[in-house]
Number of protein chains: 2
Amino acid sequence: MTRWLYDLRGRDERLRFSPYCWRIKYALAHKGLDYQTRPWCYRDKEALTFSGQGAVPVLVDGETVISDSYEILRYLDRTYPQAPLLGEGPAEARARFFKHYAERALAPAIMRTLIMDLYQAVDPGDRDYFRASREKRFGRSLEEFHSPVQGLAQLDRALEPLRGQLEASDYLDGAAPAAADYLVFGAFLWARCVSNADLVSNADPVHAWVERMLDLHDGLGRRALRVSDLDDAYR
Amino acid sequence: MTRWLYDLRGRDERLRFSPYCWRIKYALAHKGLDYQTRPWCYRDKEALTFSGQGAVPVLVDGETVISDSYEILRYLDRTYPQAPLLGEGPAEARARFFKHYAERALAPAIMRTLIMDLYQAVDPGDRDYFRASREKRFGRSLEEFHSPVQGLAQLDRALEPLRGQLEASDYLDGAAPAAADYLVFGAFLWARCVSNADLVSNADPVHAWVERMLDLHDGLGRRALRVSDLDDAYR
């Protein structure tokens, strides 16, 4: 049986930057579960019809089809109890806060900083969809929304709780990483894959944590292809 | 044996607004532990000499003296294991993030909004100390730092992860409150005791949570004296 993860691809098939998909790749590695990815583009809505909705990640595990990154983490804990990701009770409830922190505090700031890099990273055939859907969400053009100065200032402030946490422990989950780390780190890998911008200074405790997260699971994140690795990166 | 909590008092002895002390009052109620408070002013540094430092909360539990609100929560869980507050392992590590979120994301925004109310709530004999220490921290006068427009905008953004969490569950800790709720709620009670300003709109899921938190433990927070309850509130 092969376990399949539908994973967003960019303008190169090897370019995989979705923060939601990264959560799952880290989670599967955390539990020692093998899988293969199926590259997916925004315009391939039909390829996901079987899953009942239209976005990745979608995990196909034998007969089971699960979508939504947080639901996949829950599924993995239920089905493969070794090496818990979320845990149960208050541990699970608290882990969920990191999902919201990543999506509502960090991602908007990173988006504002990197939106044009992201646009360039998307597969050319997806760019019209990407532009239209994001411009509708932001209520203005990508070019108007794009503001690295404001985005980085917003990110700097949003990172404060993370700094406090990482001044006292190596991982958000304590001495070893688990779901809280993966939920948040997806946002950093997303940025890293599409851009060379430095989001945090070398002296920031967040920087040291990012380096540790890149090294985890045999350098899973560090090995990820970045736009800057592409031959045509600077064309 | 009487359990004592040294608790910051304001310009009326019954006015108790410290967010750090509120964490402990909720935690003690959560575990069903009796205590009495000892009102304390910033200038009473000598009254805390026995504790080895100069800030409240300080809990005196028989022979044991503990300070720092988070350390007191840890102590309470170790000593009175019933009704866990923080829990252990990842649950505890994740709870700690709520401390940093409250102190580094919410408190600065609330401070900016309410600093002059807070100044007026402090005991008159403490105001010179309060002004000097805060002006040193902010690098400008209280009056220059005070900016409700900027503070409320900053708070609105900082509340986003909280909104996400509370759209799906009644408490930050899930179906029932525990340490994550108390760590964050202290900031809201702090604001409520010193000011009538509405920090969140009635339609905000955070508002409904605040109302639930005020009702907990026989209305512990709702019964707290507010500046607006004082006879001289509007002098």
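Each chain has its residues counted from 1, following the order in which its sequence is written. All chains are assigned letters beginning with A, and all ligands numbers beginning with 1, in the order in which they are written. Since the coordinates come from a predicted model, pLDDT governs what is reported: local features require at least 70, and pairs of side-chain atoms require 80 or more to be given and counted, while whole-chain, interface and lining totals use all residues. As a rule here, side-chain values come from all non-hydrogen atoms in the structure, and water together with hydrogens is ignored.

### Here we look at helix α4 (residues 127-138) of chain A
Counting along an α-helix, one turn takes 3.6 residues, and residues three or four places apart therefore face a common direction. All names here are of chain A. An ideal rise of 1.5 Å per residue puts 16 Å on 12 residues; α4 measures up with 16 Å between its terminal C-alpha atoms. Considering only its buried residues, α4 is in contact with α3 (90-121) and α5 (142-145). Where helices and strands are cited, they refer to DSSP runs of H or I of at least four residues and of E of at least two residues respectively, numbered from the N terminus. One or two positions beyond α4, positive phi appears at Gly139, with a value near 70 degrees. Working rule for helices: expected span equals 1.5 Å times residues minus one. A contact between two residues is defined here by any heavy atoms of the two lying within 4.5 Å.

### Remarks on the relation of the copies chain B and chain A
Superposition of the two copies of the chain requires a rotation about an axis and a shift along the axis. Here the copies are superposed with least squares, the fitted atoms being C-alpha atoms of residues at a pLDDT of at least 70 in both. For the match of chain B to chain A, the screw axis carries a shift of 0.0 Å, the RMSD comes to 0.0 Å, and the turn is 180 degrees. Such a combination of rotation and displacement between the chain copies is what one expects of a two-fold axis. Considering only C-alpha atoms, the residue of chain B closest to the rotation axis is B:Ala91, which sits at 2.1 Å. The share of interface residues of chain B whose copies in chain A are also at the interface is 100%, consistent with both copies meeting through the same surface.

### Focus on the domain arrangement of chain A
All names here are of chain A. Segmentation of the chain into domains, including their bounds, is taken from an automatic or database domain assignment. For chain A, the assigned domains read domain 1 (3-79) and domain 2 (90-229). Of note, the centres of domain 1 and domain 2, computed from C-alpha atoms alone, are 18 Å apart. Each side of the interface is counted separately: domain 1 has 24 residues, and domain 2 has 40 residues. Just to be clear on terms, a salt bridge is a Lys or Arg side-chain nitrogen sitting within 4 Å of an Asp or Glu carboxyl oxygen. Linking domain 1 with domain 2 are 5 salt bridges. Contacts described as polar in this section are N or O atom pairs within 3.5 Å, which, within protein, must combine one atom able to donate a hydrogen with one able to accept it, while residues neighboring in sequence count only if both atoms come from side chains. Applying the counting criterion to the domain 1 and domain 2 interface returns 14 residue pairs in polar contact (both at pLDDT 80 or more). With 9 residues, the single largest contributor to the side of domain 1 that touches domain 2 is helix α1 (residues 19-30). Just so you know the grouping, Ala, Val, Leu, Ile, Met, Phe, Trp, Tyr, Cys and Pro go in nonpolar, Asp, Glu, Lys and Arg go in charged, and all remaining residues, Gly too, go in polar. Per-class residue counts for the side of domain 1 that touches domain 2 are 12 nonpolar, 2 polar and 10 charged.

### Quick look at the sheet that holds strand β3 (residues 58-61) of chain B
One key point about sheets: their strands pair by backbone hydrogen bonds, in either a parallel or an antiparallel sense. All names here are of chain B. Any two strands are treated as partners once DSSP identifies two or more bridges connecting them. Across the sheet, which stays open at both edges, the 4 strands sit in the order β2-β1-β3-β4 with mixed pairing between neighbours. Every interior strand has two partners, whereas the edge strands, β2 (36-40) and β4 (64-67), have only one. On average, each strand axis in the sheet is inclined to that of its neighbour by 20 degrees, with strand direction left out of account. Here β3 runs beside β4; their pairing, made up of 4 bridges, is antiparallel. Residue pairing for β4: Asp61 is matched across the bridge by Thr64. Packed on one face of the sheet, helix α1 (residues 19-30) meets β1 (3-8) and β3 and runs near 150 degrees to β1. Of the strands in this sheet, β3 and β4 touch helix α2 (residues 69-79), which is tilted by about 135 degrees from β4. For helices, the fitted line uses only the C-alpha atoms of the stretch in contact; every axis is such a line through C-alpha atoms, and the angle between N-to-C directions lies from 0 to 180 degrees.

### A short note on the nonpolar core
Judged by nonpolar contacts, the single largest core of 164 residues is most densely connected at A:Leu162, A:Trp209, B:Leu162 and B:Trp209. Filtering out sequence-adjacent residues up to four positions away, A:Leu162 remains in contact with A:Tyr101, A:Leu172, A:Val184, A:Phe188, A:Val206, A:Trp209 and B:Phe97. We define a nonpolar core as any set of buried Ala, Val, Leu, Ile, Met, Phe, Trp, Tyr and Cys residues linked to one another through side-chain atoms lying within 4.5 Å. Any residue under 20% of the maximum accessible area for its type is buried, any over 50% is exposed, and the rest in between are partly exposed; the area is computed with a 1.4 Å probe on protein chains only.

### Here we look at the pattern of salt bridges
Residue and element names in this part refer to chain A. For the structure on display, the rule yields 45 salt bridges over all chains. A salt bridge links Arg23 to Glu103; the nearest nitrogen and oxygen atoms lie 2.9 Å apart. Remark: Glu103 occurs in helix α3 and Arg23 occurs in helix α1; sequence separation between them is 80 residues. Take Glu103: its relative accessible area is 22%, and that puts it in the partly exposed class. We note a salt bridge from Asp77 to Lys31, for which the minimum N-O separation is 2.9 Å. Note that Asp77 is positioned in helix α2 (residues 69-79) and Lys31 in the loop between α1 and β2 (36-40), a separation of 46 residues in sequence. For the pair shown, Asp77 and Lys31 are each scored as buried.

### Brief notes about the packing of aromatic side chains
Any Phe, Tyr or Trp ring, taking Trp's six-membered ring, that has another such ring centre within 6.5 Å forms a pair; planes under 30 degrees apart are called stacked, those over 60 apart edge-to-face, and the others tilted. For the coordinates displayed, the defined rule picks out 27 aromatic pairs over all chains. Ring centres of A:Trp40 and A:Tyr42 lie 6.0 Å apart, and the angle between their planes is 70 degrees; on these two criteria the pair is classed as edge-to-face. A:Trp40 gets classed as buried once you look at its relative accessible area, which sits at 2%. For A:Tyr42, a relative accessible area of 13% puts it in the buried group. Ring centres of B:Tyr26 and B:Phe185 lie 5.6 Å apart, and the angle between their planes is 70 degrees; this geometry places the pair in the edge-to-face category. With B:Tyr26 in helix α1 and B:Phe185 in helix α8 (residues 179-194), this pair connects stretches of sequence that are 159 residues apart. With a relative accessible area of 1%, B:Phe185 lands in the buried category.

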